[in-house]
Amino acid sequence: MSARKKVQAFVRVKPTDDFAHEMIRYGDDDKTIDIHLKKDTRRGVVNNQQTDWSFKLDGVLHDASQDLVYETVAKDVVSQALNGYNGTIMCYGQTGAGKTYTMTGTTANYQHRGILPRALQQVFKMIEERPSHAITVRVSYLEIYNESLFDLLSTLPYVGPSVTPVTIVENSQGVFIKGLSVHLTSQEEDAFSLLFEGETNRIIASHTMNKNSSRSHCIFTIYVEAHSRTLSDEKYITSKINLVDLAGSERLGKSGSEGRVLKEATYINKSLSFLEQAIIALGDQKRDHIPFRQCKLTHALKDSLGGNCNMVLVTNIYGEAAQLEETLSSLRFASRMKLVTTEPAVNEKYDAERMVKNLEKELALLKQELAIHDSLANRSLVNYDPMDEIQIAEINSQVRRYLEGTLDEIDIINLRQIQEVFNQFRVVLSQQEQEVESALRRKYTLIDKNDFAAISAVQKAGLMDADGHLVGEPDGQGFGLGVAPFSTKPGKKPKSRKTFKEQFRPSTPPPKPVAFEDFKNERGSEINRIFKENKSILNERRKRASETTQRINAIKKEMDMTKEALNFQKSLREKQGEYEKKGLIIIDEEEFLLILKLKDLKKQYRTEYQDLRDLRAEIQYCQHLVDQCRHRLLTEFDIWYNESFFIPEDMQVALKPGSSIRPGLVPVSRIVSLGEDDQDKFSQLQQTMLPKSPDSISFYNAKVKTEQKHSYLKTMRSFQQARRK
């Protein structure tokens, strides 16, 4: 039975130049925060106003970096998620206090990324460290705006608009969101792309407290499913991590919200009030009923609040005197959250496929035991196994002989044999039908009467007369009626058979993507082959350059560590006193080995760097060849498309090779381009401007793709609006 565990609550203070040092003090244990207010003298001499509060939490994060926040708050929760434990990390606080910065961070700077992208990175890194498990990761992104549920990933092209609205549904397994799209992510970059896609769809507004205030609650969920590759056990574990970015509570008098923003603030404060009521009820051991269904937020988080998960709360507060009332309210909420207990437990499920395999093994053992029992009981040999190919072939032969009349009856042995006899009757009947149809096709030409296109093609080919009779069709007298085609007359060589495209020119040109595929397979096949070969060589050189760059970074890192160790040995030698012999300083063996190691690393670094320079030169040359092939392929396709579908047939003779007439070219920009994809561009950028941290590649790659996608959509919308005008 799983043990109960209290919710962890942390406080993060937003840095400010106007910090209230006299009113806010931190304890020496970094877990206590004390609030002091001066008494209001306007209340008179007898004044029972409370002026001091002390809050004991799991940690106070003041002037903490994003790295420290993640290490303190989220790392353990994510680690346990891959062991089957659900986790929830929630950011709560006043508007503008830094909740979204803590949860998501900024996409402009990799070092300032928040808990959410770091959690994705940790999940995929841990997957790489567990080769004995097959782990799949899925993600979803939910938004709660004005008590309505929205899928932030519904704008993806392969998702499309949902027919059913997004609703919260409860069953015996818990709470789930019906209509919310869940996306499989096989690599870190795909997960970042989904995160950035959802972030661009969030609703924000501006007021006096925050220029980019989130106007909705958002829940990003990571679903993990792990199967063992080594054990045959049908059990597997599942877990989910809910990363909750709550909209900030705000006092309307301070924020100055009006109109739509005022309505949004009303819904936000109302839902946060219901959340606090649910937390108070969970902290009261005597309460039987918890009001989860008062709002969509508490209903969606029912499994997380006091359920089967590890839960962490990050309360974001201001450090300014002007916001002290809201700070006290947020700290009270954190204290109440610490009273809530959860019951984390491993989520185990059963794999149906593996269960079937285990049952098959057990069935084989039971059959062996049954055979032993029959032998001990002196029973005749009974075959309990399914029939093999030899037995099935024997039954097929008996059925055929029975149908031919050479076999009077088929002996009945057991139930399996009866079933197989009927099955072989069906097989023989199907084979006979196929043989009859094949014989008819060899003797006659079978055309569907409703297929007018086929009938028209046959008439043009001279295989059918005007009355609808086929050439060579028997008239009952042993010969066919009609005129034979010119190509079948004696003494005439048969002409080469033209393709359907050459025989019948379509009335409307096909779409260029379809025509381009045909061109690459036919007339442009050689150019396309050379293009693919050059592209393959280019990708191989880029891959080698990327690997060389990673090795250079690793060597540089090791050099820095060796230099630090060498400096430490030198400082230690200087403290202990230097020994000289014949004017030379005597060093110990460890320092000497470090010097040799640094020398070897520098040599490796120079070698690898020279290889990288050579590879970059090769990449530049290969890129030039690829660009040339791409341009040639596009130009040839342009000419072929015009000649094939736009120029009249009577002009085709004049346009053959050797003629002085040349068709005009359609602008290349209107053709389906073979332009570089985002990965090609990013790979080139990576070679020249590799970020400081190698782990940031997928982060920046996803960011570039998302920005380019939305830029393209924005341009297309502007074009559509211009056309309407």
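These figures come from a predicted structure and were not determined experimentally.

(A) Structural view of the overall build of the chain. Along the backbone of the chain there are 19 helices and 23 strands. Residues counted as buried form 37% of the 725 residues belonging to the chain. Here the analysis covers contacts within the chain between residues at least 6 apart in sequence; of these, 72% occur between residues at least 24 apart.

(B) Structural view of a nonpolar patch on the surface. A surface patch of nonpolar side chains, about 400 Å² in accessible area, is lined by Ile587, Phe592, Leu593, Ile595 and Leu596. Structurally, the position occupied by isoleucine 587 is in the loop between strand E23 (584–586) and helix H17 (589–645).

(C) Structural view of the confidence of the model for the chain. Within the chain, residue pLDDT values average 78, and 76% of them lie at 70 or more. In the predicted structure, residues 659–676 sits below a pLDDT of 50 and forms 40 contacts with residues beyond four places in sequence or in another chain.

(D) Spotlight on helix H9 (residues 324–338). When the terminal C-alpha atoms of H9 are compared, their 21 Å separation across 15 residues agrees well with the 21 Å that a helix rising 1.5 Å per residue should span. Where H9 is concerned, the buried positions are Leu324, Glu326, Thr327, Leu328, Ser330, Leu331, Phe333, Ala334 and Met337.

(E) Highlighting the nonpolar core. Counting 51 residues, the largest nonpolar core has Ile35, Met90, Leu275, Leu305 and Met337 as its most contacted members. Here this core gets seven residues from one element, more than from any other, and that element is helix H7 (residues 260–283). Among residues more than four places away in sequence, those in contact with leucine 305 are Met90, Leu275, Ile279, Leu282, Phe292, Met311 and Met337. Counting residues in hydrophobic clusters, the runner-up holds 46 residues, among them Val69, Ala74, Ile115 and Leu116.

(F) Highlighting the environment of serine 65. Tracing the backbone through its elements, the reader meets serine 65 in the loop between strand E6 (59–62) and helix H1 (66–73). In this structure, the C-alpha to C-alpha distance between serine 65 and histidine 112, residues 47 residues apart in sequence, is 8.3 Å.

(G) Layout of the sheet that holds strand E4 (residues 32–36). One open sheet holds the three strands; their spatial order is E3-E4-E5, and the pairing between them is antiparallel. In the strand order of this sheet, the two ends are held by strand E3 (24–26) and strand E5 (52–56), each with one partner. When strand polarity is set aside, the average angle formed by the axes of neighbouring strands in this sheet is 20 degrees. Sheet topology places E3 next to E4; three bridges connect them, and they run antiparallel. Within E4, the position partnered with tyrosine 26 by the bridge is isoleucine 33. Helix-sheet contacts for H9 involve E3, E4 and E5, and the interaxial angle to E5 is about 40 degrees.

(H) Broad picture of the packing of H7 against H9. One way to put it is that H7 packs onto H9 with a least axis distance of 8 Å and a crossing angle of 35 degrees. H9 is crossed by H7, and the crossing has left-handed handedness. On H9, the residues that touch Leu275, Glu276, Ile279 and Ile280 of H7 are Phe333, Arg336 and Met337. Per-class residue counts for the contact of H7 with H9 are five nonpolar, no polar and two charged.

(I) The side chain of arginine 118, seen in detail. Inspection of the secondary structure puts arginine 118 in helix H4 (residues 115–128). On the basis of relative accessibility, which here comes to 7%, the residue arginine 118 falls in the buried class. For arginine 118, the side chain forms a polar contact with the main-chain oxygen of arginine 113, separated by 3.0 Å. Aside from chain neighbours lying at most four places away, what touches arginine 118 is Gln66, Asp67, Tyr70, Gln111 and Arg113.

(J) Just the pattern of salt bridges, in detail. Under the definition given, this model contains 22 salt bridges. Between arginine 544 and glutamate 540 there is a salt bridge whose closest N-O contact spans 3.8 Å. Residue arginine 544 and its partner glutamate 540 are located together in helix H16 (residues 525–576), separated by four residues, close to a single helical turn. Relative accessible area serves as the criterion here: at 37%, arginine 544 is assigned to the partly exposed category. Assessed through its relative accessible area of 32%, glutamate 540 is described here as partly exposed.

(K) Summary view of a positive patch on the surface. Together, Lys563, Lys599, Lys602, Lys603 and Arg606 make up a positively charged patch on the protein surface. No other element matches H17, which puts four residues into the positive patch. Of note, lysine 599 is situated in helix H17.

(L) Geometry of the pairing of strand E11 (residues 174–178). Bridging between strand E10 (residues 167–171) and E11 involves five bridges; their strand directions are antiparallel. Within E11, the position partnered with valine 169 by the bridge is phenylalanine 176. Here E10 folds back onto E11 in antiparallel fashion, the turn holding two residues.

(M) Summary view of H4. Compared with the 20 Å implied by 1.5 Å per residue over 14 residues, the 20 Å span of H4 between its first and last C-alpha is a close match. The buried fraction of H4 amounts to twelve of the 14 residues, a majority that puts the element mostly inside the structure. Considered for burial, the residues of H4 that qualify are Ile115, Leu116, Pro117, Arg118, Ala119, Leu120, Gln121, Gln122, Val123, Phe124, Met126 and Ile127.

(N) Here's a closer look at the pairing of strand E7 (residues 87–93). When you tally the buried positions in E7, you get seven out of seven residues, the bulk of the element. Direction of pairing for E7 relative to strand E16 (residues 235–245): parallel, over a ladder of five bridges. Paired with isoleucine 89 across the bridge in E16 is leucine 243.

(O) How the structure looks around the packing of aromatic side chains. Evaluation of the coordinates by the stated rule reveals 14 aromatic pairs. On the numbers, 5.4 Å between centres and 80 degrees between planes, the contact of phenylalanine 192 with phenylalanine 699 is edge-to-face. Here phenylalanine 192, found in helix H5 (residues 188–200), pairs with phenylalanine 699, found in helix H19 (residues 697–724); they are 507 residues apart in sequence, far enough to count as distant. Aromatic pair phenylalanine 519 and tryptophan 640: ring centres 5.4 Å apart, planes at 45 degrees, arrangement tilted. Linking phenylalanine 519 in helix H15 (residues 512–521) with tryptophan 640 in helix H17, this pair joins segments that are 121 residues apart in sequence. Summarising the burial analysis for this pair, phenylalanine 519 and tryptophan 640 share the class buried. Of the aromatic side chains, those joined through ring pairs into one cluster are Phe516, Phe519, Phe637, Trp640 and Tyr641. Positioned over the ring face of tyrosine 110 is arginine 113, at 3.9 Å from the centre of the ring.

Criteria and thresholds
- Residues numbered from 1 in each chain as written.
- Predicted model: local features only at pLDDT ≥ 70, side-chain atom pairs only at ≥ 80, totals over all residues.
- Heavy atoms only, no water.
- Helix = DSSP H or I, 4+ residues; strand = E, 2+ residues; numbered from the N terminus.
- Buried < 20%, exposed > 50% of the residue type's maximum accessible area, 1.4 Å probe, protein only.
- Contact = heavy atoms within 4.5 Å.
- Patch = residues over 30% accessible without salt bridge, like charges linked within 9 Å, V, L, I, M, F, W, Y side chains within 5 Å.
- Areas by Shrake-Rupley, 256 points an atom, 1.4 Å probe, with all protein chains shown as cover.
- Salt bridge = Lys/Arg side-chain N within 4 Å of Asp/Glu carboxyl O.
- pLDDT = per-residue confidence, 0-100.
- Expected span 1.5 Å × (residues − 1).
- Core = buried A, V, L, I, M, F, W, Y, C linked by side-chain atoms within 4.5 Å.
- Pairing = 2+ DSSP bridges.
- Axes fitted to C-alpha atoms, helices over the stretch in contact; angles between N-to-C directions.
- Left-handed = near helix turned anticlockwise from the far one by under 90°.
- Nonpolar A, V, L, I, M, F, W, Y, C, P; charged D, E, K, R; others polar.
- Polar contact = N/O pair within 3.5 Å; in protein donor to acceptor, adjacent residues only side chain to side chain.
- Lys, Arg positive; Asp, Glu negative; His and termini not counted.
- Charge placed at Lys NZ, Arg CZ, Asp CG, Glu CD.
- Phe/Tyr/Trp six-rings, centres within 6.5 Å; stacked < 30°, edge-to-face > 60°.
- Lys NZ or Arg CZ within 6 Å of the ring centre and 35° of its normal.

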